[in-house]
Structure formats: C-alpha cells, structure tokens
Amino acid sequence: MNKMVVALTGATGLLGSNILFELLKRYEGSPGSLTIWVLGRAGKQLSLRERIRQLLANDGAHYLNMPDTAPLLECIRTVDCHLGQPNLGISEDSFRKMKKEPPHLFIHAAAALDFRDQAAVLDLLQKINVEGTQQALNLAEALGTPGFAMISTAYVCGIRSGVANPNFMPEDQLFRTPYERSKLDGERLVRRAEQEGRFRRVYFFRPTTICGRLIEHPVGYTPKFDVFYAWLAFFLRLKARQLGRMDYETPAKIDIRVALKPGSGLNIIPVDYAAKALVEISLQQPPSNAFHLASPYLTDNYEDLPALLKFINVHLPTFVEEMPPALNTLEYLYYHRSVGKIYDPYISKNVPDFSLDSLHQHLPTGFPECPAVKGTVMTQLLKFAKKHDFGL
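A brief structural summary. (Residues numbered from 1 in each chain as written. Predicted model: local features only at pLDDT ≥ 70, side-chain atom pairs only at ≥ 80, totals over all residues. Heavy atoms only, no water.)

1. Observations concerning the overall build of the chain
What counts here: In this description a helix means any DSSP run of H or I spanning at least four residues, a strand means any run of E spanning at least two, and both kinds are numbered starting from the N terminus. Each radius of gyration reported is based on C-alpha atoms, and the globular scaling rule is 2.2 Å times the count of residues to the power 0.38. For every residue, the accessible area (1.4 Å probe, protein chains only) is compared with the maximum for its type, and the residue is labelled buried under 20%, exposed over 50%, or partly exposed between those bounds. We call two residues in contact whenever any of their non-hydrogen atoms come within 4.5 Å of each other. Accessibility throughout is a Shrake-Rupley quantity obtained with a 1.4 Å probe, and a residue counts as covered only by protein chains that appear here. His residues and chain termini do not enter the charge count, which takes Lys and Arg as positive and Asp and Glu as negative. Charged groups are reduced to one reference atom each: NZ for lysine, CZ for arginine, CG for aspartic acid, CD for glutamic acid.
Secondary structure assignment for the chain yields 12 helices and 15 strands. Compactness check: the chain gives a C-alpha radius of gyration of 21 Å against a globular reference of 21 Å for 392 residues, within 12% of the reference. In terms of overall dimensions, the chain has C-alpha extents of about 65 × 50 × 45 Å along its principal axes. A burial count over the chain gives 56% of its 392 residues as buried. In the chain, of all internal contacts separated by at least 6 residues, the share reaching a separation of at least 24 is 80%. As displayed, the chain has an accessible area near 17100 Å², and 49% of this comes from carbon and sulfur atoms. Put simply, the chain has 44 plus and 40 minus side-chain charges, and the middle of one group is 4 Å from the middle of the other.

Rendered as structure tokens:
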C-alpha cells in the first residue's frame, strides 16, 4: 500500500474525530502507510497531543475495537494551530516538518458551529468559518498539497424546496441562520481556489443534520447534544422545573404550540456514516466534485418528532403550521429567547431534496447503508442521550 499523508483540522470535534478514527481504521493493517497531521489547539490543561491520546484511548478504542490505541500515535503528528491567524498560526518549525512530509490531502473539518444571530457570534463565524478557511487554503497551498477537502453544510442552499444539487451556489437567498451564510462564504473561497488551479483536486462535502453513531460502537455515541437533542433538552428542562426534579417517567404538560411544517422534516445522518463516506471518496482521489452527506430518508415532522417528546413523557397542545400570533409566556420563551428561535426555521420550513447522485456514484458495492433515523433507530440515539441527560 502506498504511503498516504493526510492533514486534518477539527479532529477533536464530532465529525472530525470520526474521520480520524475512520482513517486509522482503513490503514489498521498497515499503519506505517499512513501519516496524519492533526492541526488543532491545546486545551486549558492538556497539550494537543495529550487530547488526541485521550480521544483515541477512550472513544477511539470503541470505534476501532482496539483496547490499546497507544501504537496508533506513531502515525499521528500533532501541530498547534489557530484558525484566526495567518497560515493557521503554525510555527516555522512545524511548517518545516510538514514540508518534509507534505500531505496528499488536506481535510478542513474545523468550524464554529453556532446558530445564534448575535454580534459576538457573527464575528466568530467570520473569523473561523471564513477567514480560517482562507488560512487553511493558504497553508495547504504552501505545503504543495494536491488535494483539498472542505466540510461545509447542506444548508448553504438556503431556504428552498425541490431538488438541491451539491454544487448549487445561491446568489440571493434567505438563510435560516448566519452559520449557513458563513459556510457559504467559506465555500466561495475554496471554489475560487479551485478555479485558479491552486489544487489538483477539490472536494466539497455538505452534511445535513448530524446525529450520534449508528454503525460503529457505542451505538448512539456523541460527545455533544445539539440540534434535535438540544430541542428536546429544552422541554426536558422545563419539565424538570415543573416537577422539581429530573424525571423521565412522570408525564408533564407544557403549554407551547410548536410550529411544524406538514410533509417536511429533518434530514439526519449518523456521524459515522458521514465519516465513512467522506474517507471512502477522499481516498479514491476522484476528480473534483461536491457531495451531499445526507440521508435518503426524512425524519418526518408529524410522524417522528412527536416520538421524541413521547420519549421524555412531555405532552404539548396540538402542533400548528406557523408561529401563533399571540404567544403565552412559555411560547415567547420558546420562539424568541431559546431553541425555537434557532431551530424553528428547520422544522417549520420545507426541507430540500438533497441530491445524492454524486455520492452514490462513488460509494462501492457493499458500502454500509445510511440508517433511517426514525422509530427504533431514533430510540437508540435517545437512550444514549438519556444516559447523559441530553447534556443538561
């Protein structure tokens, strides 16, 4: 097997860590054929290398079914970086070392994932998702990297219905959150670099809503509980306040009329499936292209989302198709001060039909099917979240 060198940002994040594990899994029979440059930041008390060591020893051991992951560190090189600085702020010494063993592929997975529309958040999104992407491009080019892969989001298409092609770039579009626009602006930078011929191959991976693992162990695993987990946690918190305790079994009525778009829903993809598809395609080194990391199934608003509330024994009034004109106190909290303000645009609007043609063309026969996140599969995710009280 030929030596493969990969640079990866965002390796301590949800999707990035699974990409790291999947790369290691692909080369587990010949670890000497793989080098991974992990670019990231040290923690408050831990070096970046120690963070990666602990990540492998804990979560990685399950994913890789490997009790002792210490030997894997031999193929990992850690480089301290900062997305908001030129060339990601890496030292001259680190740059020289990377230049001696330059990556064949640079996977840019690091991002600021914050849906809030606040001045400080907007500044962060610009600094990390836009300016940070430019610095990642600059570094990859300076290293002579032939391939660049950007992890964007399927929702850069904005609020629209109908079929969405993964190469679609809206010019004048409404977005659900500033986060979506920041990822689009980052994509524009990468596409400009592609047009200028700065890389031989450029890949755009656009995931939809990412949930916990459903293929690798432990099933349901996620280190963070946002998107639909956070939506459900809001009602669980209200229920705990009403009962004076955290209680999943006792029923509770909460007077909030939630807006749900009939016939629509959430497109949810397991994080391990997304990582496997991304790694599979990237290692094939096909010509430049864009891919939706999306599910062929929809988690339906009226069929599946009520099951989430049933899981925590919360009962709401009837669902409505749009935000009610006259809001009670809890509804005002929901729509204007908390999760409703963030997630209402995702469950009260049409969801595009994300085209999977380019993805399926590159996935080989026998590649795992994307699990449909509904019914008993959704329950598996919720059971894991329950063990951790949905991050509350």
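Let us keep going from here.
2. Structural notes on the pairing of strand S3 (residues 76–80)
As a reminder of what qualifies: Strand pairing is defined by DSSP finding a minimum of two bridges between the two strands. Handedness rule for crossovers: strands pointing away from the viewer, path from the first strand over the helix to the second running clockwise, crossover right-handed.
Examined bridge by bridge, strand S2 (residues 34–40) and S3 share 5 bridges and lie parallel to one another. Pairing of Trp-37 across the sheet is with Arg-77, part of S3. Taking the sense of rotation as the criterion, the β-α-β connection linking S2, helix H2 (residues 48–64) and S3 turns out right-handed.

3. Here we look at the nonpolar core
Here is a general trend for soluble globular proteins: nonpolar side chains tend to be buried in one another's company. Note the cut-off: By nonpolar core is meant a set of buried Ala, Val, Leu, Ile, Met, Phe, Trp, Tyr and Cys residues that side-chain atoms within 4.5 Å join together.
Ranked by internal contacts, the top residues of the largest apolar core, which has 134 residues, are Leu-39 and Phe-235. The greatest single-element share of this core, amounting to 10 residues, is contributed by helix H6 (residues 228–243). When sequence neighbours within four positions are dropped, the list of residues in contact with Leu-39 reads Ala-7, Leu-8, Thr-9, Gly-10, Leu-48, Val-79, Cys-81, Leu-88, Ile-90, Met-98, Phe-106 and Leu-139.

4. Side note on the environment of Gln-54
Residue placement: Gln-54 occurs in helix H2. Relative accessible area serves as the criterion here: at 28%, Gln-54 is assigned to the partly exposed category. Sequence separation between Gln-54 and Ala-70 is 16 residues, and the spatial gap between their C-alpha atoms is 9.6 Å.

5. What about the environment of Ala-142?
Inspection of the secondary structure puts Ala-142 in helix H4 (residues 119–142). As a C-alpha pair, Ala-142 and Pro-102 span 40 residues in sequence and 9.7 Å in three-dimensional space. For Ala-142, the residues in contact, after removing those within four places along its chain, are Phe-95 and Lys-99.

6. Description of the packing of helix H9 (residues 329–337) against helix H10 (residues 339–347)
Angle between the axes and distance between the axes are the two parameters that describe a pair of packed helices. For the record, the criterion: The angle between two axes is taken between their N-to-C directions and runs from 0 to 180 degrees, where each axis is a line fitted to C-alpha atoms and a helix contributes only its stretch in contact. Any angle that is under 35 degrees is reported as roughly parallel, and any over 145 degrees as roughly antiparallel; angles of 65 to 115 degrees are reported as roughly perpendicular and all others as oblique. Residue classes follow a fixed rule: Ala, Val, Leu, Ile, Met, Phe, Trp, Tyr, Cys and Pro count as nonpolar, while Asp, Glu, Lys and Arg count as charged, and any other residue, Gly among them, counts as polar.
At a closest axis distance of 4 Å, the pairing of H9 and H10 adopts a crossing angle of 75°. Here H10 runs roughly perpendicular to H9, going by the angle between their axes. Residues Tyr-334, Tyr-335 and His-336 of H9 form the contact with H10, whose participating residues are Val-339, Gly-340, Lys-341, Asp-344 and Ile-347. Looking at the contact of H9 with H10 residue by residue, the classes come out as 4 nonpolar, 2 polar and 2 charged.

7. Considerations on the packing of aromatic side chains
Note the cut-off: By convention, a stacked pair of Phe, Tyr or Trp rings (six-membered ring in the case of Trp) has centres within 6.5 Å and planes under 30 degrees apart, an edge-to-face pair has planes over 60 apart, and any other such pair is tilted. Here, a charge over a ring is recorded when the distance from Lys NZ or Arg CZ to the ring centre is within 6 Å and its angle to the ring normal is within 35 degrees.
Following the criterion strictly, the structure yields 21 aromatic pairs and no others. Ring centres of Phe-115 and Tyr-346 lie 5.7 Å apart, and the angle between their planes is 25°; this geometry places the pair in the stacked category. Here Phe-115 is found in the loop between strand S4 (105–108) and H4, whereas its partner Tyr-346 is found in helix H10, with 231 residues between them in sequence. Each member of the pair, Phe-115 together with Tyr-346, is buried. Taking 5.2 Å as the distance between ring centres and 80° as the angle between the ring planes, the aromatic pair formed by Phe-234 and Phe-235 counts as edge-to-face. Aromatic rings pair up to connect Phe-115, Tyr-155, Tyr-179, Tyr-343, Tyr-346 and Phe-354 into one cluster. For the cation-ring pair, Arg-191 lies above Phe-204, with the distance from its terminal atom to the ring centre recorded as 4.0 Å. Stacked on the ring of Tyr-248, the Lys or Arg Lys-386 has its end atom at 5.0 Å from the ring centre.

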